[in-house]
Amino acid sequence: MFTIAVFLVCAASCVATSAAGAAVGPQLNNNQLYKFSYSTEVLVDRAQGSKEGSAGYKISSDVDVNLVWRDPSNKDEQLIQLKISNVRADPVSHRSEKKNVLHGTTTETLLGKTRLAALTKPFFVHLRNGKVKAFYSYWAEPAIIKNLKRGVSSLLQLQLKTGKVIENDVSGRCTVAYKAENNQVTRTKFLESCTSAETGFTTHSQVLGVTRKSSSITVFTLEDGFIRSAVSEERHSLAVNAHRSAAAKVVSRQSFTLVGTEAGPLEIAGKDAAVVVKSIDAKIAAVGIKAEKITAQCKTCPSLFEHWQALQKKLEPESLSKAAAPRSFLALIHSIRKATKNDILQMLKSASKTSIPQVVDAVTSAQTTASLDAMLEFLNFTDAKGTVLQERFVYACGFASHPNERMLQTMLDISKSRIGSPDIKESVVIIMGALVHKLCQKGGCNLPTVVEVKKMILEGPDSTQEESEVQMFLLALKNSLLPEAIPIFTKYTESEVGAYSTIALTSLQRYDVSLMTDEVKKTVNRIYHQNRRIYEKNVRAAAADVILSSKPSYMEIKNLLLSIGHLPHEMNKYMLSKIRDILRFHMPASKVLRQVMRDMISHNYDRFSKFGSSSAYSGFMAQSVDVTSTYSLDILYSGSGILRRSNMNIYGASKGAVLHGLQVAIEAQGLESLIAATPDEGEGDLDSFAGMSALLFDVQLRPVTFFKGYSDLMSKMFSMTGEPMNVVKGLILLTDHSEVIQLQSGLKASAEFQGGLAIDISGGMEISLWYRESKTSVNNRGALVISGNLTVDMDFMSAGLEVSFETEASLDFITTVQFSEYPFLVCMQMDKATFPISNYLKKHESLSSGKSVVTQKSKKLLVPGSEFPLHQENSNMCKKVFDSSW
């Protein structure tokens with residue numbers, strides 16, 4: 001106890017010595033008035049723009065500063081009064097009269113008498129050891145005025161010693177580093193650490209997301225213990241990761257310079273700072289140094305219904321392949337996010353039959369409480385005739401950029417209620433898995449609804465005997481990517497139902513390699529090598545894909561190579577193509593593969609000269625600094641020449657993150673009886689079936705069936721029109737980023753980046769017994785718009801920038817098979833049509849009076865169409881197919 005007492009006495013003595021000794025923060029002299037000139041400017045521009053071409057404005061004033069009260073026992077505890085006067089507003093750079101939105105205005109006409117009077121009223125800052133302990137002003141003042149005063153006050157906060165601290169200022173609660181040298185102190189604010197009341201949202205996908213880089217540096221010059229000058233520069237640049245030309249920046253500068261001193265008022269005696277402030281003016285109160293939220297109201301904006309009427313024609317089905325569709329989609333989402341439930345319902349009820357699906361996409365993508373409530377009131381899930389709108393709603397929830405627990409709860413409630421269509425029931429459960437994954441990514445895995453849904457889908461496969469329901473739960477687990485689902489998938493890989501095995505194996509392939517346990521690897525190898533029983537070819541092919549993508553060992557690769565030559569003919573060819581593709585494309589398994597191929601038993605002419613038509617090929621769609629896009633085409637045929645599995649994938653990679661943008665898989669089985677052919681090993685008892693499954697932007701959708709069973713096959717054969725069947729059609733909100741950037745000057749910058757996609761994916765399968773030819777097609781049509789908006793709005797004055805990128809494209813994948821002889825002829829084609837790319841830049845400055853100045857630029861180009869290269873063997877085969885057709 002004695003030791004502790006001595007320590008406390010010493011500590012108190014040290015504190016007292018510090019207070020009486022060197023100053024910790026800036027100190028003002030009594031009876032002295034410090035006269036400063038102050039200016040703050042803000043500019044917005046594209047990322048590489050210069051000050052001269054930027055939109056923005058500059059506010060200048062004089063500021064008088066004097067000491068009001070000091071704690072007698074601590075000279076570093078002071079109450080300081082600041083008074084702003086002679087306020088001026090100017091363009092951020094030289095403008096001609098025509099382009100100067102401020103020409104002809106005065107400060108009073110710009111701000112208005114009330115705001116100007118509030119800005120010039122005195123305010124107080126309570127400093128303790130160089131840190132702002134309290135900020136005093138009038139509660140009744142407009143929030144923007146108090147924020148501007150807070151911006152000036154933030155320039156009084158500094159410490160005179162080098163070190164890192166956490167401070168509160170107008171930006172929020174931030175980590176700050178000080179570096180003191182002679183009479184200069186540099187303050188670096190780590191803006192990514194700042195926490196404030198205003199929070200935004202962003203897309204969960206890194207590839208589709210937005211990156212912000214920020215910096216804030218203030219340099220103080222000191223003289224006689226107080227600030228001689230303070231110069232601050234703060235920068236924020238935002239860019240869409242997948243297309244960095246869609247980028248914008250905001251730069252904020254402050255300058256606070258001492259121009260002279262003169263005799264000022266004497267200190268006021270008082271118990272503490274709060275008492276002294278009260279004695280000066282009872283209406284002044286401690287209002288907090290952190291910035292207040294400002295809600296901007298648009299007086300000239302059209303209502304939601306008016307906006308919808310203006311956009312309706314651009315959202316008709318025939319316009320979905322044009323950039324105007326996603327552009328209108330994004331604009332409509334902006335309006336919906338500000339609308340009430342009744343306004344949204346009015347729009348939904350007024351839409352035409354052809355445009356209503358697109359309206360459902362927009363309302364659901366808005367992701368507000370009002371929009372979700374409106375959709376639930378509008379849709380009737382017990383109606384089996386309303387499946388189109390119901391499924392558009394469900395899919396839009398699956399693609400949601402920032403879903404919350406309530407959206408998942410809504411899906412859960414729908415799944416438990418009576419649903420008129422079994423297809424909608426399946427879609428709801430499958431999409432619940434995608435929502436679980438997105439919520440878990442945001443740290444919400446332990447939310448009550450997430451826990452309930454996890455339990456439901458994890459127990460689902462074993463809770464039913466219905467094949468369709470088992471598949472439904474397995475697909476939901478595939479979307480969820482829950483680590484707890486890996487043992488379930490491992491179990492179902494060895495199922496006697498081929499569809500279960502395929503779903504389970506393709507699901508395992510989506511997991512991180514680190515989660516592939518020895519038990520998983522043993523099971524997958526057992527399936528491929530058929531150690532326990534015979535499996536269908538497409539199941540074995542899926543097992544091989546899992547092995548090759550999960551850091552295979554030397555022996556796993558060796559056993560795979562040794563199996564070639566003992567497989568069915570087309571399986572031999574498929575595996576050879578897969579091996580060659582891995583080597584050519586330098587995939588992760590290529591290093592071990594090359595080591596194994598040094599062994600002549602594993603790698604020899606006999607093994608690597610197997611013929612057939614099945615293939616696997618990967619290539620680059622596009623390579624840029626921002627994103628690398630790759631594609632892969634895997635096709636497996638039966639020994640009779642009929643398609644068994646076709647799998648097209650498109651991936652996007654950016655900064656180490658990978659997005660599975662698209663997967664379209666077509667599967668067929670049991671069709672050998674059509675041409676009197678013998679089924680392959682293990683496939684003699686399979687029912688006739690053909691269907692297509694799509695995965696879009698990491699979300700697995702409900703599979704579509706072309707036909708199932710021999711009688712259904714025959715009816716479809718004779719009624720086949722050759723027209724493709726729609727798999728997914730609609731508008732998707734890809735990128736969705738919104739945030740308010742609080743600047744140190746007290747101003748706020750609002751940043752919104754959105755990316756909208758209009759997409760139409762369809763597929764078909766034709767079989768001609770007369771010509772002994774089959775054709776499968778996957779058609780992708782789409783239009784993409786990415787837009788970014790960065791605005792600094794002071795209510796009475798606004799400056800902003802809009803950047804946008806637009807394109808329209810189509811991609812077709814067609815496979816033609818002629819099975820009149822063996823080896824049969826197979827031709828694969830992957831074509832993209834000529835497509836336009838447009839970039840737009842718009843800068844605007846406006847006043848509350850309605851006066852505005854707008855400048856616009858655009859750049860357009862055409863990218864010629866082309867056929868994506870596949871392997872040389874395919875080119876030779878296509879030549880034969882077209883020659884024989886001719």
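These numbers were taken from a predicted model, which means no experiment stands behind them.

Peer 1: Would you mind showing me how to read the overall build of the protein here?
Peer 2: Looking only at helices and strands, one finds 25 helices and 27 strands in the protein. Considered along the principal axes of its C-alpha atoms, the protein spans approximately 110 × 75 × 50 Å. In the protein, which comprises 886 residues, the proportion classed as buried is 54%. Residue pairs at least 24 apart in sequence account for 68% of intrachain contacts in the protein once pairs closer than 6 positions are excluded. Of the roughly 38700 Å² of accessible surface on the protein, 54% is carried by carbon and sulfur atoms. Separation of charge centres in the protein, based on 99 positive and 88 negative side chains, amounts to 6 Å.

Peer 1: Honestly, the nonpolar core in this entry has me stumped. Any pointers?
Peer 2: The nonpolar side chains of soluble globular proteins are, as a tendency, buried together. By size, the foremost hydrophobic cluster in this structure holds 162 residues, and its most contacted members are Leu-348, Phe-393 and Leu-696. With eleven residues, the single largest contributor to this core is helix 13 (residues 422-441). Apart from residues lying up to four places away in sequence, Leu-348 is in contact with Ile-356, Val-359, Val-360, Val-363, Ala-374, Met-375 and Phe-378. Counting residues in hydrophobic clusters, the runner-up holds 74 residues, among them Leu-110, Ala-230, Leu-743 and Val-803.

Peer 1: Which parts of the structure should I look at to understand the pairing of strand 2 (residues 55-71)?
Peer 2: A regular strand carries its side chains on alternate faces of the sheet. For strand 2, the tally of buried residues reaches 15 of 17 residues, placing the bulk of the element in the interior. The sheet contact formed by strand 1 (residues 32-45) and strand 2 spans twelve bridges and is antiparallel. Along strand 2, the bridge assignment pairs Leu-43 with Gly-56. Inspection of the sheet shows strand 2 paired to strand 3 (residues 74-91) by 13 bridges, in the antiparallel sense. Residue pairing for strand 3: Arg-70 is matched across the bridge by Gln-78. Linking strand 2 back to strand 3 in an antiparallel pair, the connection comprises two residues.

Peer 1: Even after reading the chapter, I still don't get a positive patch on the surface, so can you show me in this structure?
Peer 2: Positive charge collects at one region of the surface, where Arg-46, Lys-98, Lys-99 and Lys-857 lie side by side. With respect to the secondary-structure elements, Arg-46 resides in the loop between strand 1 and strand 2.

Peer 1: Hey, could you run me through the pairing of strand 14 (residues 628-637) in this one?
Peer 2: Taking burial as the measure, the ten residues of strand 14 include nine buried ones, the bulk of the element. Sheet topology places strand 13 (residues 615-623) next to strand 14; eight bridges connect them, and they run antiparallel. If you follow Ala-622 over to strand 14, its bridge partner there is Ser-629. Here strand 13 hands over to strand 14 after four residues, the two strands then running antiparallel side by side. Where strand 14 meets strand 15 (residues 643-654), ten bridges bridge the pair, whose relative direction is antiparallel. Each residue of the ladder has a partner; that of Tyr-637, found in strand 15, is Leu-643.

Peer 1: How do you make sense of helix 9 (residues 356-366) when you look at a structure like this?
Peer 2: Spacing of three or four residues puts side chains on the same side of an α-helix, whose turn is 3.6 residues. Within helix 9, eleven of the eleven residues are buried, leaving the element largely enclosed by the surrounding structure. Looking at helix 9, one finds that the buried residues are Ile-356, Pro-357, Gln-358, Val-359, Val-360, Asp-361, Ala-362, Val-363, Thr-364, Ser-365 and Ala-366. Phi for Gln-367, located one or two positions after helix 9, is positive at around 60°.

Peer 1: Mind showing me how you'd approach the confidence of the model for the protein here?
Peer 2: If pLDDT is low for a region, its predicted coordinates should not be looked at in detail. Taken residue by residue, the protein gives an average pLDDT of 89. The fraction at 70 or more is 93%. In the model, residues 1-21 has pLDDT below 50 throughout and makes three contacts with residues more than four positions away in sequence or in other chains.

Peer 1: Explain helix 8 (residues 341-350) to me, please; I cannot follow it from the model alone.
Peer 2: If you check which residues of helix 8 are buried, you get Ile-344, Leu-345, Met-347 and Leu-348. Mapping the buried residues of helix 8 onto a view down its axis gives an arc of 160°, with all of them on the same face. Relative to its buried face, helix 8 has exposed residues pointing more than 90 degrees away, namely Asn-342 and Lys-349. Packed against the buried residues of helix 8 are helix 6 (304-311), helix 7 (324-336), helix 9 and helix 10 (369-378).

Peer 1: Mind showing me how you'd approach the side chain of Ser-745 here?
Peer 2: In this structure, Ser-745 sits in the loop between strand 20 (725-742) and strand 21 (748-768). A polar contact of 3.4 Å, which involves the side chain of Ser-745, links it to the side chain of Ser-252.

Peer 1: Is there a simple way to think about unusual backbone geometry in this case?
Peer 2: Unlike most non-glycine residues, Asn-86 shows phi in positive territory, near 55°. For Asn-86, the position within the fold is in strand 3. If you check the backbone angles, Lys-551 has positive phi at about 50° while not being a glycine. Structurally, Lys-551 is set in the loop between helix 19 (537-548) and helix 20 (554-563). Overall, the relative accessible area of 65% leaves Lys-551 in the exposed class.

Peer 1: Where do I start with the state of the cysteines in this structure?
Peer 2: Joining two cysteines, a disulfide is a covalent bond between their sulfur atoms. Tallied over the entire structure, the rule returns three disulfides. Across the disulfide, Cys-174 is cross-linked to Cys-194 (sulfur-sulfur distance 2.1 Å). Between Cys-174 and Cys-194, the disulfide has an S-S torsion of 120° and is therefore right-handed. Pair noted here: Cys-174 is in strand 7 (residues 172-181) and Cys-194 is in strand 8 (residues 184-195), with a separation of 20 residues, a long-range link. Residue classification places Cys-174 among the buried positions, given a relative accessible area of 2%. We note that Cys-397 lacks a disulfide partner, and the nearest cysteine sulfur, in Cys-440, lies 17 Å from it.

Peer 1: What should I look at first to understand the environment of Leu-330 in this one?
Peer 2: You can see Leu-330 is positioned in helix 7. In this structure the C-alpha to C-alpha distance between Leu-330 and Ile-166, which are 164 residues apart in sequence, comes to 39 Å.

Peer 1: Sorry if this is basic, but what is going on with the packing of helix 13 against helix 15 (residues 467-480) here?
Peer 2: Any two packed helices are characterised by how steeply their axes cross, that is the angle between the axes, and by the distance between the axes. Remark: helix 13 packs on helix 15, axes separated minimally by 6 Å, with the N-to-C direction vectors making an angle of 20°. As summarised for this structure, helix 13 and helix 15 are arranged roughly parallel, according to the angle between their axes. In terms of crossing hand, the pair formed by helix 13 and helix 15 is right-handed. Residues Lys-425, Glu-426, Val-429, Ile-430, Gly-433, Ala-434, Val-436 and His-437 of helix 13 form the contact with helix 15, whose own contacting residues are Ser-468, Met-472, Phe-473, Leu-475, Ala-476, Asn-479 and Ser-480. Residue composition of the contact of helix 13 with helix 15, grouped by class: eight nonpolar, five polar and two charged.

Peer 1: Just checking my understanding: could you explain the sheet that holds strand 3 for this structure?
Peer 2: Sheet strands line up and pair through hydrogen bonds in the backbone, either parallel or antiparallel. The strand order across the open sheet formed by twelve strands is 6-7-8-9-10-11-1-2-3-4-5-12, and the pairing between neighbours is antiparallel. In this open sheet, the two strands that pair with only one neighbour each are strand 6 (163-169) and strand 12 (284-286). Adjacent strand axes in the sheet meet at a mean angle of 25° when their direction is disregarded. Pairing analysis gives eight bridges linking strand 7 to strand 8, with the strands arranged antiparallel. Looking at the pairing, Tyr-178 lines up with Arg-187 of strand 8. In the packing of helix 4 (residues 143-153) onto the sheet, the strands contacted are strand 1, strand 3, strand 4 (123-128), strand 5 (131-138) and strand 11 (243-263), and the crossing angle to strand 5 comes to about 150°. Along the sheet, helix 5 (residues 273-280) contacts strand 2, strand 3, strand 4, strand 5 and strand 12; its crossing angle with strand 2, the most-contacted strand, is approximately 110°.

Peer 1: Any chance you could explain the packing of aromatic side chains here in plain terms?
Peer 2: Within a pair of aromatic rings, the relevant descriptors are the distance that separates the centres and the angle that separates the planes. Taken as a whole and assessed by the stated rule, the structure comprises ten aromatic pairs. Relative to Tyr-500, the ring of Tyr-492 has its centre 5.9 Å away and its plane inclined at 75°; by these criteria the two rings are edge-to-face. Of the residues examined, Tyr-500 reaches a relative accessible area of 8% and is grouped as buried. Members of the aromatic cluster, connected to one another through ring pairs, are Tyr-34, Phe-36, Tyr-38, Phe-226 and Phe-256. One Lys or Arg, Lys-121, reaches over the ring of Tyr-138 and ends 4.9 Å from the middle of that ring. The lysine or arginine in question, Arg-540, covers the ring of Tyr-528, its NZ or CZ lying 5.4 Å from the ring centre.

Peer 1: When you look at the pattern of salt bridges in this model, what are you seeing that I'm missing?
Peer 2: Side-chain pairs of opposite charge can arise where the charged atoms are in close proximity. Under the defined criterion, the tally for this structure stands at 39 salt bridges. Two residues, Glu-292 and Arg-150, come together in a salt bridge whose shortest N-O distance is 3.1 Å. One end of the pair, Glu-292, is in the loop between strand 12 and helix 6; the other, Arg-150, is in helix 4, with 142 residues separating them in the sequence. We classify Arg-150 as buried; its relative accessible area is 0%. A single network of salt bridges, built from pairs that share partners, joins Glu-41, Glu-233, Arg-235 and Arg-253.

Reading guide: rules and limits
Residues numbered from 1 in each chain as written. Predicted model: local features only at pLDDT ≥ 70, side-chain atom pairs only at ≥ 80, totals over all residues. Heavy atoms only, no water. Helix = DSSP H or I, 4+ residues; strand = E, 2+ residues; numbered from the N terminus. Buried < 20%, exposed > 50% of the residue type's maximum accessible area, 1.4 Å probe, protein only. Contact = heavy atoms within 4.5 Å. Areas by Shrake-Rupley, 256 points an atom, 1.4 Å probe, with all protein chains shown as cover. Lys, Arg positive; Asp, Glu negative; His and termini not counted. Charge placed at Lys NZ, Arg CZ, Asp CG, Glu CD. Core = buried A, V, L, I, M, F, W, Y, C linked by side-chain atoms within 4.5 Å. Pairing = 2+ DSSP bridges. Patch = residues over 30% accessible without salt bridge, like charges linked within 9 Å, V, L, I, M, F, W, Y side chains within 5 Å. Salt bridge = Lys/Arg side-chain N within 4 Å of Asp/Glu carboxyl O. pLDDT = per-residue confidence, 0-100. Arc of directions from axis to C-beta. Polar contact = N/O pair within 3.5 Å; in protein donor to acceptor, adjacent residues only side chain to side chain. Disulfide = S-S within 2.5 Å. Axes fitted to C-alpha atoms, helices over the stretch in contact; angles between N-to-C directions. Parallel < 35°, antiparallel > 145°, perpendicular 65-115°, else oblique. Left-handed = near helix turned anticlockwise from the far one by under 90°. Nonpolar A, V, L, I, M, F, W, Y, C, P; charged D, E, K, R; others polar. Phe/Tyr/Trp six-rings, centres within 6.5 Å; stacked < 30°, edge-to-face > 60°. Lys NZ or Arg CZ within 6 Å of the ring centre and 35° of its normal.

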